[in-house]
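Chains, contacts and geometry: an overview
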Amino acid sequence: MVDADIRDHDSQAAKTVSQLIKNARAVQSFFSIADQATVDAAVAGAAWAILEPSRNRRLAEQAVLDTELGNVDDKIRKNYRKTLGLLQDLRDVKTVGVIHHDEKTGLTEIARPVGVVAALTPSTNPAATPANNVINALKGRNAIILAPSPKGAATCNMLLEFIHRELRKVGLPTDLVQQLPLPGSKTLAAELMRQADLVVATGSRANVQAAYKSGKPALGVGAGNVAAIVLPAANPVVAAERIAYSKTFDHATSCSSENSVIAIEPTADVLLAALVDAGGVVITAEEKARLQAILFQESGLNTACIGKGAVHIATLAGLDEARFRSARFLIVEETGAGPAHPFSGEKLSPVLTFYRVGHFDAALDLVTRIYNYQGKGHSVGLHGADEQEALRAATFLPVCRVILDQIHCVATGGASNNGLPFSLSMGCGTWGGNGFSDNLNYRHFLNITRVVRPIAPVETSPSALLGDYWQRYGR
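The structure contained in this document is the topic of the report that follows. (Residues numbered from 1 in each chain as written. Predicted model: local features only at pLDDT ≥ 70, side-chain atom pairs only at ≥ 80, totals over all residues. Heavy atoms only, no water.)

Turning to helix 2 (residues 36-51), a few remarks are in order. Think of an α-helix as turning once every 3.6 residues; residues three or four places apart then point the same way. In a regular helix each residue adds 1.5 Å, so 16 residues correspond to 22 Å; helix 2 covers 22 Å between its end C-alpha atoms and thus fits that length. Within the sequence span of helix 2, burial applies to Gln36, Val39, Ala42, Val43, Gly45, Ala46, Ala47, Ala49, Ile50 and Leu51. (Helix = DSSP H or I, 4+ residues; strand = E, 2+ residues; numbered from the N terminus. Expected span 1.5 Å × (residues − 1). Buried < 20%, exposed > 50% of the residue type's maximum accessible area, 1.4 Å probe, protein only.)

The next point concerns empty space enclosed by the protein. Scanning the entire structure with this criterion turns up one cavity of 30 Å³ or more. Considering the residues around the largest cavity, the lining is formed by Ala63, Lys75, Lys78, Asn79, Thr124, Asn125, Pro126, Ala127 and Ala128. Looking at the lining of the largest cavity, its residues break down into four nonpolar, three polar and two charged. (1 Å grid on protein atoms, 1.4 Å probe; cavity = no way out; pocket = protein on both sides within 12 Å on 5 of 7 lines; lining within 4 Å. Points joined across faces, edges and corners; volume = space filled by probe spheres on them. Nonpolar A, V, L, I, M, F, W, Y, C, P; charged D, E, K, R; others polar.)

Before going further, it helps to spend a moment on the environment of Gly358. Among the structural elements, Gly358 can be located in the loop between strand 14 (351-357) and helix 13 (360-373). By relative accessible area, Gly358 is classed as exposed at 53%. Taking the C-alpha atoms as reference, Gly358 lies 33 Å from Gln297; in sequence the two are 61 residues apart. If we ignore the near neighbours within four places in the chain, the residues touching Gly358 are Ile264 and Glu265. (Contact = heavy atoms within 4.5 Å.)

With that settled, consider the packing of aromatic side chains. Tallying each qualifying case throughout the model produces three aromatic pairs. Pairing Tyr245 with Phe249 gives two aromatic rings, centres 5.7 Å apart and planes at 25°, and the pair type is stacked. Owing to a relative accessible area of 29%, Tyr245 belongs among the partly exposed residues under this scheme. Measuring from centroid to centroid gives 5.2 Å for Phe296 and Phe343, while their planes differ by 85°, and the two rings are edge-to-face. Here Phe343 lies in the loop between strand 13 (329-333) and strand 14 and Phe296 lies in strand 11 (residues 296-297), a separation of 47 residues in the sequence. In this structure, Phe296 and Phe343 share a single accessibility class: buried. The aromatic ring of Phe162 is capped on one face by Arg55, whose charged end is 5.5 Å from the ring centroid. The ring of Trp470 carries the charged tip of Arg475 above its face, separated from the ring centre by 3.8 Å. (Phe/Tyr/Trp six-rings, centres within 6.5 Å; stacked < 30°, edge-to-face > 60°. Lys NZ or Arg CZ within 6 Å of the ring centre and 35° of its normal.)

Before going further, it helps to examine the pairing of strand 6 (residues 198-201). Here strand 6 shows a buried face lined by Leu198 and Val200 and a second buried face lined by Val199 and Ala201. Looking at chain direction, strand 3 (residues 116-121) and strand 6 are connected through four bridges and run parallel. Note that in strand 6 the partner of Val117 across the bridge is Leu198. Bridge count for strand 6 against strand 7 (residues 218-220) is three bridges, and the pairing is parallel. Looking across to strand 7, one finds that Ala201 is bridged to Gly220. Regarding topology, helix 8 (residues 205-212) serves as the crossover connection from strand 6 to the parallel strand 7, and that connection is right-handed. (Pairing = 2+ DSSP bridges. Right-handed = clockwise from strand over helix to strand, strands pointing away.)

Purely geometric numbers; function is a separate question.
Written as C-alpha cells, this is what we have:
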C-alpha cells in the first residue's frame, strides 16, 4: 500500500510539472524570436517588480515572516542593490542575434536561448535570488520555473505576482515565469529538474547535489565559510568596520559573510579591540562551551540560531543578559581548524571566529586548513595586502575570488566599486564541486552558435613550435 501511494504521488508530480513545462515551452517558443527591445522590456519589468519601493518592502517583510531569517531593512537593501546592479550589468548588452564578430578568425557568435530553466532558490534570499534568476533567464529569451524552498515559497509567489503584473504591461505571456505549486516539495523539484533544459541551484548542498544528479545540465554553487586575513598594514578600525558590517548584514545569512578572521601579529590586539568597538563581544572559555552546545547539533547547525541576531543567540545559550544586551556579533577566539573545532566552520549567524598568527604564510596555511574543512572554492578576504601578497593568496589558496579591502558580503556578489558581475550565486569551481568558477550571470543562460568561415591558412612548422624543446631536451 505504501509503495502504491508513493507511485501515485510521483505520478501526480510528473503530471503537475509536465503541464508547467508544456506552458513554458509554448510561450518560450514565441519569446525565442523576440527582438532585443522586447527582451529588454521584459527584463526591466521583472526588475521593477522587486525594485518598486512598496513592493520591495512587502517582499522583505514577507520573507522575514515566512523564514524567520535575517531582518527586513537589510533584505530591502539587498533586493534593491542586487537587482539594480544586475540591471546596470545588462544595460546595452546584446543577447539577440549576432553578439560578436571577429574578422581575424572569421568567427561570428549568435546568441540562442537555452529553453526552459529550472531554478532552485534558498530560504535565505527568497526574493532577491529568484528575481536575479528570472532577469537573467529573460535576458536570454528563456522561460523559467522557480522551485523555492518551502519556507520561502510564499515570498517567491508574491514576487511572481508582481512580475506577472509587469509582463502584462509589456504584452508578454505570464507563463514565461512560473513557480511550482505551493508549498512545493522535493518530489516536485526533482521532477522539474528532470524535465527542464537547464537547472540552476542555489542553496543547500543537498539541492546542489540533486541538481547535478538530475541528468540535465546544471549550475550549482558551493558552500560558504569565508575567512578574512588582516595584515599589519591594514587600518584596523576600517577593517573592523568592514568585517562587522559584513558579519551582521541580514544576520549573516549570506554565504559571503565572514566566519573567521585571521589577524597577523602584531595587529591582533588592536584589531580585536576595534571589532569590540564595532559592536562585537568577546566570549569567555566557559561561554564558548555553552555557545558551542547550542549552536552546533549532531545534525548540523541549530535552526533556532541560523539567521538570528546576536542577542537572541546569546539568550538561547544562557549567556549573561546584561553583557550581551547590545551585542551586534559574538567573537570566539580559536586556534584550530576542522571537525574538532566547529567554530572554524560556517555558522550562518553573527558569530565570528578570531585567530592569531605570526606571519602571512601561517595565515595562508590556516585558511587552507579551514577551507579543507568547509568552504573550499568560494572566496577569501584580504585587508592591508600589497599586490604581491594578493597574488600569492590567489595562486596558493583554493578560492575563486580574492577580495581586497572591501565589505566581503557585498563585494563577492558584485558591487559598484568592483568589476564582478552582480549575482547571488557564486560558482566555486572544482574545489567546491561546481562546474563553473565565476559569478552566475546572463551568459550562463545562453547557448552560443558560431558561424565558422574559411580564412587564410595558419600553418607553423614543427621546428618553430618545438625548436626550444629540442634544444633543451633533444629530439
